[in-house]
Amino acid sequence: MLGHGQIWSAIDALAAKNGLSASGLARKAGLDPTTFNRSKRIANDGRPRWPSTESIAKALDATTTDLDAFMTLLTDGAPRQRKRVPLIGLAQAGEGGYFDDAGLPTGQGWDEIEFPDVDREQVYAVEIQGDSMEPVFRDGDIVLVAPGSPVRRGDRVVLRTTEGEVLAKELARTSAKQIELRSLNPAHPDRTIPASQVAWMARVVWASQ
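The chain is annotated in an unreviewed UniProt entry as Helix-turn-helix transcriptional regulator from Methylopila henanensis.

Caption draft 1: Just the overall build of the chain, in detail. Along its length, the chain carries four helices and nine strands. Put simply, the chain runs from its N terminus to its C terminus through helices and strands in the order α-α-α-α-β-β-β-β-β-β-β-β-β. When the 209 residues of the chain are sorted by exposure, 44% land in the buried category. Restricting to contacts in the chain with at least 6 residues of sequence separation, those with at least 24 account for 59%. Counting every atom, the chain has about 11,200 Å² of accessible surface; 46% of that belongs to carbon and sulfur.

Caption draft 2: Molecular detail of the pairing of strand S4 (residues 142–146). Summarising burial for S4: five of the five residues are buried, a large majority. The two faces of S4 match: Ile142, Leu144 and Ala146 on one face and Val143 and Val145 on the other face are all buried. Strand direction decides the pairing type here: strand S3 (residues 124–127) and S4, joined by four bridges, are antiparallel. Bridging across to S4, Tyr124 finds its partner in Val145.

Caption draft 3: Here's a closer look at the pattern of salt bridges. Enumeration according to the criterion identifies nine salt bridges in this entry. The salt bridge involving Glu54 is made with Lys58; its shortest N-O contact spans 3.4 Å. Taken together, the residues Glu54 and Lys58, both in helix H3 (residues 53–62) and four residues apart, mark about one turn of the helix. Where Asp155 meets Arg203, a salt bridge forms, and the shortest distance between an N and an O atom there is 3.9 Å. Note that Asp155 is positioned in the loop between S4 and strand S5 (156–161) and Arg203 in strand S9 (residues 198–207), a separation of 48 residues in sequence.

Caption draft 4: Structural detail: the pairing of strand S6 (residues 166–174). Of all nine residues that make up S6, seven are buried, and the element is covered over most of its length. Here five bridges tie S5 to S6, and the two strands are oriented antiparallel to one another. When the sheet's bridge partners are listed, Val157 is paired in S6 with Lys169. Once S5 ends, the chain turns through four residues before running back antiparallel as S6, passing Gly164 with a positive phi of about 95°. As judged from the four bridges shared by S6 and strand S7 (residues 178–182), these two strands associate in the antiparallel manner. Looking at the pairing, Leu171 lines up with Leu181 of S7. Counted along the chain from S6 to the antiparallel partner S7, the turn is three residues long.

Caption draft 5: Looking closely at the nonpolar core. Grouped together as the largest cluster of nonpolar side chains are 20 residues, with contacts concentrated most on Ile11, Leu25, Phe36 and Phe70. Here this core gets seven residues from one element, more than from any other, and that element is helix H1 (residues 4–17). Setting aside residues up to four positions removed in sequence, Phe36 forms contacts with Trp8, Ile11, Ala22, Leu25, Ala26, Leu31, Arg41, Ser55 and Ala59.

Caption draft 6: Structural view of H1. Its 14 residues give H1 an end-to-end C-alpha distance of 20 Å, which sits within 8% of 20 Å, the value for a rise of 1.5 Å per residue. Gly19 occupies a position one or two residues after H1 and carries a positive phi of about 65°.

Caption draft 7: Up close: H3. For H3, every residue scored as buried is listed here: Ser55, Ile56, Ala59 and Leu60. Burial along H3 is one-sided: seen end-on, the buried residues are contained in an arc of 135°. Of the exposed residues in H3, those oriented more than 90 degrees away from the buried face are Thr53, Glu54 and Asp61. One or two steps after H3, the chain reaches Thr64, where phi turns positive at roughly 50°.

Caption draft 8: Spatial organisation of the environment of Asn185. Within the secondary structure layout, Asn185 lies in the loop between S7 and strand S8 (191–194). Taking the C-alpha atoms as reference, Asn185 lies 5.1 Å from Glu134; in sequence the two are 51 residues apart. The residues contacting Asn185, other than those within four sequence positions of it, are Asp131, Ser132, Met133 and Glu134. A distance of 2.8 Å separates a polar side-chain atom of Asn185 from the backbone oxygen of Asp131.

Conventions we followed
Counting starts from 1 at the beginning of each chain's written sequence and moves along it residue by residue. Per-residue local features are limited, in this predicted model, to residues with pLDDT of at least 70; the limit for side-chain atom pairs, both in listing and counting, is 80 or more; totals at the level of whole chains, interfaces and linings are taken over all residues. Neither water nor hydrogens contribute to the side-chain values; these are computed over all heavy atoms in the structure. In this text, helices come from DSSP runs of H or I with a minimum length of four residues, and strands from runs of E with a minimum of two, each type numbered from the N-terminal end. For each residue, the accessible area found with a 1.4 Å probe, counting protein chains only, is set against the maximum for its type, and the residue is called buried under 20%, exposed over 50%, and partly exposed in between. Here, two residues are considered to be in contact whenever any of their heavy atoms come within 4.5 Å of each other. The accessible surface values rely on the Shrake-Rupley method and a 1.4 Å probe; as for residues, cover is taken only from the protein chains in view. For two strands to be treated as a pair, DSSP must find no fewer than two bridges joining them. Salt bridges are defined as contacts in which a side-chain nitrogen from Lys or Arg sits within 4 Å of a carboxyl oxygen from Asp or Glu. Residues belong to a common nonpolar core when they are buried Ala, Val, Leu, Ile, Met, Phe, Trp, Tyr or Cys residues joined through side-chain atoms within 4.5 Å. In a helix, the anticipated span is given by 1.5 Å times the number of residues less one. Taken from the helix axis, the directions to the C-beta atoms give the arc we talk about. Pairs of N or O atoms are called polar contacts if they sit within 3.5 Å, as long as, within protein, a hydrogen donor faces a hydrogen acceptor (for residues adjacent in sequence, only side-chain-to-side-chain pairs).

Here it is as structure tokens:
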């Protein structure tokens with residue numbers, strides 16, 4: 001008999017296999033973003049809450065996964081993954097309390113996601129929200145960010161200003177006085193940020209596509 005934890009682990013594995021968080025998988029399937037969240041897996045009275053067959057079917061259809069492949073996830077568990085990393089939504093990254101002065105995650109507001117072949121010590125994941133990074137990054141995509149990695153012209157970066165604005169763009173130029181960023185979406189303007197207003201800037205080292 002399939003267990004409650006086994007079903008949810010398979011859904012997590014399906015999301016990770018497609019470079020998505022649980023909420024990203026739900027959105028891709030056209031479901032409420034909280035459908036597969038951990039908070040939905042146990043009812044208020046403590047009883048296990050099971051995902052509906054309809055929600056599983058929509059997730060399989062959205063990821064073009066057949067039933068046999070999903071059954072493999074059920075019987076074998078999640079793919080072999082080496083590290084769990086913090087995950088946060090792009091909009092949340094602008095709120096206080098999530099990062100230290102070096103741009104590393106801090107506090108208790110993080111979800112987590114598993115990534116294969118993560119060999120860097122200080123990385124975290126950001127879930128893209130909205131269309132400002134299209135067509136390179138789309139809503140629901142996950143990018144892996146490494147604050148300690150060197151940043152060079154042409155790199156895609158996540159930058160946070162001292163006022164809490166968070167931008168995901170391409171680094172065009174740096175100088176002692178300012179940071180020039182190129183927009184990934186032609187519909188959104190390029191930006192020039194005074195160096196004194198940059199809280200931190202981190203390179204994107206991996207992205208789900």
